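These are the residues of each chain, in order.
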Amino acid sequence: MKVSYIKYVVFVFLFSISSTYFSQSFSGKVTYVSKSKMQLGKWGAKMSEAQKKQIASRLKNRLEKTYVLKFNKQESFFKEDEKIDAISGATDSWGAYFSRGDQYKSISDNKLIQSQEFYGKRFLVKDDLYKINWTLGSETKQIGNYTCFKAKAFVPYKELKWFEFSWSDLNASNKEGQEEKMIVVEAWYTPTIPIAQGPAEYWGLPGLILEVSAQNTTLLCTEIVIDKQNNLEVSPPEKGKEITKKEYAETVKIKMLEMRNNRMGRGRRG
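Procedures and definitions
- Residues numbered from 1 in each chain as written.
- Predicted model: local features only at pLDDT ≥ 70, side-chain atom pairs only at ≥ 80, totals over all residues.
- Heavy atoms only, no water.
- Patch = residues over 30% accessible without salt bridge, like charges linked within 9 Å, V, L, I, M, F, W, Y side chains within 5 Å.
- Areas by Shrake-Rupley, 256 points an atom, 1.4 Å probe, with all protein chains shown as cover.
- Salt bridge = Lys/Arg side-chain N within 4 Å of Asp/Glu carboxyl O.
- Helix = DSSP H or I, 4+ residues; strand = E, 2+ residues; numbered from the N terminus.
- Buried < 20%, exposed > 50% of the residue type's maximum accessible area, 1.4 Å probe, protein only.
- Core = buried A, V, L, I, M, F, W, Y, C linked by side-chain atoms within 4.5 Å.
- Contact = heavy atoms within 4.5 Å.
- Polar contact = N/O pair within 3.5 Å; in protein donor to acceptor, adjacent residues only side chain to side chain.

Participant: When you look at a nonpolar patch on the surface in this model, what are you seeing that I'm missing?
Facilitator: Among the surface-exposed residues, Phe 154, Met 182 and Val 184 lie close enough to one another that they form a single nonpolar patch of about 290 Å² accessible area. Mapped onto the elements, Met 182 comes out in strand 9 (residues 182-190). Met 182 sits in the partly exposed class, given a relative accessible area of 41%.

Participant: Whenever I open this one, the nonpolar core confuses me. Can you help?
Facilitator: As a rule of thumb, nonpolar side chains are buried together in soluble globular proteins. With 33 residues, the main nonpolar core has Tyr 32, Trp 134, Val 185, Tyr 202, Leu 208 and Ile 209 as its most contacted residues. Among the elements of the structure, strand 1 (27-36), strand 2 (64-72), strand 8 (146-156), strand 9, strand 10 (208-214) and strand 11 (217-227) are those that each provide at least two residues to this core. Filtering out sequence-adjacent residues up to four positions away, Leu 208 remains in contact with Val 30, Tyr 32, Leu 69, Phe 71, Trp 188, Tyr 189, Thr 190, Ile 193, Ile 195, Gln 197 and Gly 198.

Participant: What should I look at first to understand the environment of Trp 134 in this one?
Facilitator: Note on placement: Trp 134 falls in the loop between strand 6 (121-128) and strand 7 (135-143). For Trp 134, a relative accessible area of 14% translates into the label buried. Setting aside residues up to four positions removed in sequence, Trp 134 forms contacts with Ala 151, Lys 152, Ala 153, Val 185, Ala 187, Tyr 202, Trp 203, Gly 204, Leu 205 and Ile 209. In terms of polar contacts, Trp 134 uses its side chain to reach the backbone carbonyl oxygen of Trp 203, at 2.8 Å.

This is the structure we're talking about:
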């Protein structure tokens, strides 16, 4: 009980000091490294360690990524720092179809604007920000020079993965009353930087999110640059056909179903 109280006092102290320090408008840039664990399912049990390492090496561009978050007090812009494959000299085009595009979040307007490309077509996804109901904890840890506090939430799978696709989605039932799949999210935020921003779909905590984990992926801050002159421009993407998250997911699903049916049709003719 005493430890929790002390941590609460530390939180209040950090928040009050930082609120005074950051009383004026400011902006900044955060670099995050994303690391995902390889999921091999039932096939993994049949593979040797050498085979697993070989697959991990081939999939490194998908399992390890770098992102940059530009932010001010009300807006943020989140973008992948695209890497070139050292062997082929090309980017991971197949994986890019179902990866997160450039993302803009406006906390003041509660708006999400995200640029997505799918099979040569550019979409501008516009929707409301999903409000995450965080549970704040008293546990702390140090990330770089910042004291961070732990928070936890349960978020619907479709809110975090709406831009992705799995072949199982084609067989997914949309029956009314069906239990919604939830994902456990664990975040670490610092009240030293008193803004409600964070990477990807994560936001709404009383401090900048420096680390967040969901399922098999963790996003970890590796560098922070604060501009107290507020010279860093944050603006939304503008090009593409306007569409909602739900409409975009349905568009991808229809296209992939068409591809599967065409492939099966060719197989029958052969």
